[in-house]
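Chain by chain, the residues:
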Amino acid sequence: MRINVIKAYIKKEFLDLFRSKMLVMVYVMPLMIVFLFGYGIKMEVTHSRTIVLDNDNSKTSLEIINAFEHSKYYDTKVLNITDNQALKMMKQNKTDIIIDIPAGFEKRLFKNQKPEIGVFIDGAFPIRATTMQGYVINTLINKASVNIPITKNMIKINQRTLFNQSMKDTWAIVPGIIGLALLIAPAILAALLIVKEKEIGTIFNFYSSPITKTEFLIAKLTPPFLLHSLNVFILLLLALYIFGLPFRGSFWLYFLATEIYIIVSLGIGLLVSVMTSSQVTALVVTILITIIPGFLYSGILMPISSMDKESYIEAHLLPVMYYNHIIYDTFLIGSGFSSSINLLYLGILFIYGIALILLGSLFLKKRLK
Amino acid sequence: MIEVKNVSVKYKNIYGIKNASFKAQDGEIVGLIGADGAGKSSLLHAISGVISFEGEILYNNEPYHSPKEAEKFKKYIGLMPQGLGLVLYDFMSIKEHFDFFRDIRGIKKDIEYENRLLNMAGLEKFQNRLAGNLSGGMRQKLSLILTLLHRPKLLILDEPTTGVDPVSRLELWDIVNEMREQDNITALISTAYMQEAEKMDRVMLFDEGEIIASGKADELIKTAEPYTYSGELKYENCVSFNKRTYSLNKLDLPKAKPDLESLFFVNALQKKKELINIELKKEKENSSNEVVMKAEKLTKVFGNFVADDKIDMELRRGEILGLLGANGAGKTTFIKMLLGLYPIDGGKLTLLDKEIKSYKDRLELKSKIGYVSQRFALYDDMTVRENMNYFASMHKIPLLEANKKIKEYAKLLGFENYMDKFPKELPLGINQRFSIAVAILHDPVVLFLDEPTSGVDTIARSQFWKLVKELKEKMNMAILITTHYMSEAEYCDRVVLLKAGKKISDNTVENLHKKFPDAKNFEEIFIRLIK
């Protein structure tokens, strides 16, 4: 391996990246992905139009109303109308939630008679409805019961318990999107850097000179690796200061895991570049094979633990899940290097990355097809 | 010294080159001559060790059988692949290219040698210019000196002169000759230009994946002498082209001096290849030579670049007009203006005494013009018949009439057996004829042919020119043809020469020959005119 050869190639790659302005793509694309997805997938519902029918007019009912009024999730109005009138308003899409506190609620509550609160939710958009339902239950049990001795047992709400939507949505989504962005962008760059030479014909400089495959690979993969290493910090700052995420875990775990993850992505790009010979095909193939698993099997939309058997296995075969586990930990949980799962997953990612690169270099041929 | 023994290169089930064997001594220039797809590139790639092959290649008596085994010889080999400046990076300057090529070859900087190379290529003044901003000829010269940077012993040039203007072409040859004289390098050079054979010590002729002849050019030409007769005549089992007739049987005709092209005809006869005789029916008695198309001071500007500067041109019925010029001289832009594809920035265009101004005029213009583009605008997923039907209906030719015409042309132009094949399955020559049939379906008065013969083999080319001549004589069409083969200018009646967007000559071929009586061929005339 000759360092000068590699250096010359890397220098050329950087010149090309700067002058062809492809560099813009390196930094704009991950940012775009994070911004578009980070703001675009909002499972959180705020300012639901809520009508409270207070038939009790007691201290307890006022507490409950108070809890709804002081939450950003509801725009609460207390109206003096009948149930039917309120339901009619829902049908006319004038309200999303109706909370019906029956007369004698407080009395029966203190007599331990399990009074009921009627909750009606507009189910036009099922996901939104479930989310709102989750909020209402949460508000009733947690917020309203601070000053009143209400427990979950004591209120019987006419609803099934559904999966508990996180109260802070961006927290749940942004780390996953970082995982998505860093799966797509380095892969695309790595694939393009090699395929571009094939398409233009400059690949002959590699074919016809004594450069070895290893030298060529190092020269081709180092620039995307270095350039995307900067994204490790850019995306972190974005998550912390624009999306307001906490950072509870180890920075070094975040750094190490992300760098390894970039290697995994480069490996995917390398494999694509071996199979394709035009930049357009390379781009489309890379996007297809990264964006779908990066999104569906990452745990962003659905927790891996609640997946069906097949998708559970598929998720474990793909690298995204492992990285996302670690990155969620660093942002939200903070068990860091002491968690054995984190270490195991880090190891899996490392092996994954090395295996992909080895596979790619095995298929890379120093000759025309 | 390089020795090639029974080398074959296979692409799936098709042989790119089959059982090629030859030897080249130190300091020898060996030429590989043949059409596109004849196997030249495959053989050169095999020798350079950039493609898998069967057989054996010996470099200084050391054998290699695969790209992997060739690896240790790559420091002695310099390959310049086919394509204008293919190995260059558009965003890097000449200087940076030198740095890059020096470093990837792991050699030390030799300022004296590098300056010598730059001088030879005439690029010393442009060292800071990006490769993307160099002209085609300059790119090619840069590629060549970069290939020479690591002082290869074996120089492999794949069509270095294709698409390069004649002046740069001569300069490229000068560099190769100088390197041969001073450094005693061996050079394998492929070319589609027969005339370049005289610059080579030895030539190999390629046809359909085989070497059909090899040796000294003049000795090879002699072998065709017994079969070459003068004059163009129609006999059984004969083929005639360019004032010569070839026959394996003795003919009662005066003998003629053959040239390298003759060998391809003789080979075709020996292999009993099917050669069609193109003969059109004379339509109406019409021999007027009125001006059908007239361009006056036609100008096209892109930004601040003047692609065509006040060009005048007249096109007459029954005339073949050659539009010549190097890459970037403004040929294609000019044709596109004539076709109504580009709006005209200045000047006047008249077709059949009617000035072309509006969009409607341009539509009208298109219905009177037949156009065959460089890449034949055919649909690959439709058969020949379907393609022809499609174009017929595009030109609103009534179905019955169209069918009759298609049948007739298919017979006359010799592709009736291929009507239900897809264009991709057919040789370039047949596609070319059927593209012309498509272009003349709607009885245009003018036919434009844009570089129709690039890459086509000798025989198909000869048949093409016969067809063009028939179109001129029997249908009295006005034909405008662009080409970068200077030798083909001889088949035109008149040539218009463009250089950097300006017309520098407009004269009949006859007159030009009279003007330069000592010029050996049209290429020389062209170079003198350009200078």
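Residues numbered from 1 in each chain as written. Chains lettered and ligands numbered in written order. Predicted model: local features only at pLDDT ≥ 70, side-chain atom pairs only at ≥ 80, totals over all residues. Heavy atoms only, no water.

**Here we look at the overall build of chain B**
Move 1: Along its length, chain B carries 16 helices and 23 strands.
Move 2: Relative to the 2.2 N^0.38 estimate, which gives 24 Å for 531 residues, the radius of gyration of chain B is 24 Å and therefore close to what a compact globule would have.
Move 3: Taken over the C-alpha atoms alone, chain B extends approximately 70 × 60 × 50 Å along its principal axes.
Move 4: Here chain B holds 531 residues, and 56% of them are scored as buried.
Move 5: Excluding contacts between residues fewer than 6 apart, the proportion of contacts in chain B whose partners are at least 24 apart in sequence is 69%.
Move 6: For chain B, the exposed area adds up to about 23,600 Å²; of that, 48% sits on carbon and sulfur atoms.
Move 7: Taking the average place of the 79 positive charges on the side chains of chain B and the average place of its 77 negative ones, the gap between the two points comes to 2 Å. (Helix = DSSP H or I, 4+ residues; strand = E, 2+ residues; numbered from the N terminus. Rg over C-alpha atoms; globule rule 2.2 N^0.38 Å. Buried < 20%, exposed > 50% of the residue type's maximum accessible area, 1.4 Å probe, protein only. Contact = heavy atoms within 4.5 Å. Areas by Shrake-Rupley, 256 points an atom, 1.4 Å probe, with all protein chains shown as cover. Lys, Arg positive; Asp, Glu negative; His and termini not counted. Charge placed at Lys NZ, Arg CZ, Asp CG, Glu CD.)

**Considerations on the overall build of chain A**
Move 1: Looking only at helices and strands, chain A has 14 helices and 5 strands in total.
Move 2: When burial is assessed residue by residue, chain A has 53% of its 369 residues classed as buried.
Move 3: Counting contacts in chain A only where the partners sit at least 6 residues apart, residues at least 24 apart contribute 80% of the total.
Move 4: Summed over its atoms, the accessible surface of chain A is roughly 17,100 Å², and 65% of this surface lies on carbon and sulfur atoms.

**Some details on the nonpolar core**
Move 1: If you look at the biggest cluster of nonpolar residues, it comprises 231 residues, and the most contacted ones within it are B:Leu43, B:Ile47, B:Tyr64, B:Leu188, B:Met388, B:Phe415 and B:Leu471.
Move 2: It is helix α7 (residues 169-200) of chain A that contributes the most residues to this core, 19 residues altogether.
Move 3: One finds B:Val292, B:Met293, B:Leu298 and B:Val446 within the second-largest nonpolar core, a separate group that totals 27 residues. (Core = buried A, V, L, I, M, F, W, Y, C linked by side-chain atoms within 4.5 Å.)

**What to know about the sheet that holds strand β9 (residues 202-207) of chain B**
Each strand in a sheet pairs with its neighbour through backbone hydrogen bonds, running either in the same direction (parallel) or in the opposite one (antiparallel).
Residue and element names in this part refer to chain B.
Move 1: Reading across the sheet, the 6 strands line up as β6-β7-β8-β3-β9-β10 and stay open at both edges, with mixed pairing between neighbours. Every interior strand has two partners, whereas the edge strands, β6 (77-80) and β10 (210-215), have only one. When the angles between neighbouring strand axes are averaged without regard to direction, this sheet yields 15°.
Move 2: Where β9 meets β10, 5 bridges bridge the pair, whose relative direction is antiparallel. Residue pairing across strands places Val203 opposite Gly215, the latter belonging to β10.
Move 3: Packing of helix α8 (residues 260-270) onto the sheet brings it into contact with β3 (29-33), β9 and β10, and relative to β9 it is tilted by some 40°. (Pairing = 2+ DSSP bridges. Axes fitted to C-alpha atoms, helices over the stretch in contact; angles between N-to-C directions.)

**Things to note about a nonpolar patch on the surface**
Move 1: Taken together, the side chains of A:Val280, A:Leu283, A:Val284, A:Ile287, A:Leu288, A:Ile289, A:Ile292 and A:Leu296 define a hydrophobic patch exposed on the protein surface, amounting to about 650 Å² of accessible area.
Move 2: With respect to the helices and strands, A:Leu296 occurs in helix α11 (residues 279-296). (Patch = residues over 30% accessible without salt bridge, like charges linked within 9 Å, V, L, I, M, F, W, Y side chains within 5 Å. Salt bridge = Lys/Arg side-chain N within 4 Å of Asp/Glu carboxyl O.)

**A few points about the packing of aromatic side chains**
Move 1: Enumeration according to the criterion identifies 36 aromatic pairs over all chains in this entry.
Move 2: Ring centres 5.8 Å apart and planes at 35° place the aromatic pair A:Phe233 and A:Phe255 in the tilted group. Linking A:Phe233 in helix α9 (residues 213-242) with A:Phe255 in helix α10 (residues 251-275), this pair joins segments that are 22 residues apart in sequence.
Move 3: Linked through ring pairs, A:Tyr9, A:Phe204, A:Phe206, A:Tyr207, A:Phe216, B:Tyr89, B:Phe100 and B:Phe101 together constitute an aromatic cluster.
Move 4: Its guanidinium or amino end placed over the ring of B:Tyr113, B:Arg151 lies 3.8 Å from that ring's centre, counting from NZ or CZ.
Move 5: Sitting over the face of the ring of B:Tyr342, B:Lys300 holds its NZ or CZ atom 5.1 Å from the ring centroid. (Phe/Tyr/Trp six-rings, centres within 6.5 Å; stacked < 30°, edge-to-face > 60°. Lys NZ or Arg CZ within 6 Å of the ring centre and 35° of its normal.)

**Concerning helix α5 (residues 136-148) of chain B**
Residues separated by three or four positions in an α-helix point in the same direction, a consequence of the helix having 3.6 residues per turn.
Residue and element names in this part refer to chain B.
Move 1: For α5, which comprises 13 residues, the first-to-last C-alpha distance of 19 Å matches the rise-based estimate of 18 Å (1.5 Å per residue) to within 8%.
Move 2: The buried fraction of α5 is high, at 12 of 13 residues.
Move 3: Of all the residues in α5, the buried ones are Gly137, Met138, Arg139, Gln140, Lys141, Leu142, Ser143, Leu144, Ile145, Leu146, Thr147 and Leu148. (Expected span 1.5 Å × (residues − 1).)

**Re the interface of chain A and chain B**
Move 1: Taken together, the contacts link 26 residues of chain A with 28 residues of chain B.
Move 2: When the buried surface of chain A facing chain B is broken down by residue, A:Arg19, A:Asn205 and A:Ser208 rank first, second and third, together holding 23% of it.
Move 3: Along the contact surface separating chain A from chain B lie 2 salt bridges.
Move 4: Notably, a salt bridge pairs B:Glu96 with A:Arg19, separated by 2.6 Å at the nearest N-O pair. (Buried area = accessible area lost by both parts, 1.4 Å probe.)

**Points about helix α4 (residues 111-121) of chain B**
Residue and element names in this part refer to chain B.
Move 1: Buried within α4 we find Tyr113, Glu114, Leu117, Leu118, Met120 and Ala121. For α4, the angular spread of buried residues about the axis comes to 160°, placing them on one side. Residues of α4 that are exposed and point more than 90 degrees away from the buried face comprise Ile111 and Glu112.
Move 2: Once α4 ends, the next one or two residues include Gly122, with phi positive near 65°. (Arc of directions from axis to C-beta.)

**Concerning the pattern of salt bridges**
Move 1: Tallied over the full model, the rule gives 42 salt bridges over all chains.
Move 2: One salt bridge in this structure joins A:Glu197 and A:Lys12, with 2.5 Å as the shortest N-O distance. With A:Glu197 in helix α7 and A:Lys12 in helix α1 (residues 3-19), this residue pair connects regions lying 185 residues apart in the sequence. Summarising the burial analysis for this pair, A:Glu197 and A:Lys12 share the class buried.
Move 3: With a shortest N-O distance of 3.7 Å, B:Glu261 and B:Arg461 are connected by a salt bridge. Of this pair, B:Glu261 sits in helix α8 while B:Arg461 sits in helix α14 (residues 458-475), and the two are 200 residues apart along the sequence.
Move 4: One continuous salt-bridge network, built from bridges that share partners, spans B:Asp110, B:Arg116, B:Arg151, B:Glu178 and B:Asp183.

**Concerning the packing of helix α2 (residues 22-40) of chain A against α9(A)**
Residue and element names in this part refer to chain A.
Move 1: Between α2 and α9, the shortest axis-to-axis distance is 11 Å and the interhelical angle comes to 30°. In terms of axis orientation, α2 runs roughly parallel to α9. In the crossing of α2 with α9, the sense of the turn from one axis to the other is right-handed. Across from Leu23, Val26, Tyr27, Pro30, Leu31, Val34, Phe35 and Tyr39 in α2, the residues of α9 making contact are Leu227, His228, Leu230, Asn231, Ile234, Leu235, Leu238 and Ile242.
Move 2: Of the residues that constitute the contact of α2 with α9, the class distribution is 14 nonpolar, 2 polar and no charged. (Parallel < 35°, antiparallel > 145°, perpendicular 65-115°, else oblique. Left-handed = near helix turned anticlockwise from the far one by under 90°. Nonpolar A, V, L, I, M, F, W, Y, C, P; charged D, E, K, R; others polar.)

**A look at the confidence of the model for chain A**
Residue and element names in this part refer to chain A.
Move 1: Across chain A, the average pLDDT comes to 84, with 89% of residues at 70 or higher.
Move 2: Across chain A, the element-wise mean pLDDT spans from 54 in strand β5 (residues 156-157) up to 95 in α10.
Move 3: Note on residues 159-167: pLDDT under 50 across the span, and 16 contacts to partners over four residues away in sequence or across chains. (pLDDT = per-residue confidence, 0-100.)

**Some points on the environment of B:Trp465**
All names here are of chain B.
Move 1: In this fold, Trp465 is placed in helix α14.
Move 2: Residues Trp465 and Tyr491, 26 residues apart in the sequence, show an inter-C-alpha distance of 7.6 Å.
Move 3: When sequence neighbours within four positions are dropped, the list of residues in contact with Trp465 reads Phe241, Ile320, Thr453, Ile481, Glu488, Tyr491 and Cys492.

**Describing the sheet that holds strand β11 (residues 228-230) of chain B**
Residues and elements named next belong to chain B.
Move 1: Spatially, 3 strands are ordered β11-β13-β12 in an open sheet, and the strand pairing comes out antiparallel. Taken across any chain shown, the strands that pair with only one partner, and hence form the sheet edges, are β11 and β12 (238-241). Ignoring which end each strand starts from, the neighbouring axes of this sheet average 25° apart.
Move 2: Bridging between β12 and strand β13 (residues 244-247) involves 4 bridges; their strand directions are antiparallel. Its bridge partner lying in β13, Ser240 is registered against Thr245.
Move 3: Together, β12 and β13 form the strand contacts of α8, whose direction differs from that of β13 by roughly 35°.

**Focus: the side chain of A:Thr258**
Residues and elements named next belong to chain A.
Move 1: Mapped onto the fold, Thr258 is located in helix α10.
Move 2: Taking the relative accessible area as the measure of exposure, Thr258 reaches 0% and is therefore buried.
Move 3: Once you skip the residues sitting within four places of it in the chain, Thr258 turns out to touch Leu182, Val232 and Tyr323.

**A few points about the packing of α8(B) against α14(B)**
Residues and elements named next belong to chain B.
Move 1: As a packed pair, α8 and α14 sit with axes 9 Å apart at the nearest point and diverge in direction by 95°. Here α8 lies roughly perpendicular to α14, going by the angle between them. Across from Glu261, Phe264, Phe265 and Ala268 in α8, the residues of α14 making contact are Thr458, Ile459, Arg461 and Ser462.
Move 2: Among the residues making up the contact of α8 with α14, the classes are represented as 4 nonpolar, 2 polar and 2 charged.

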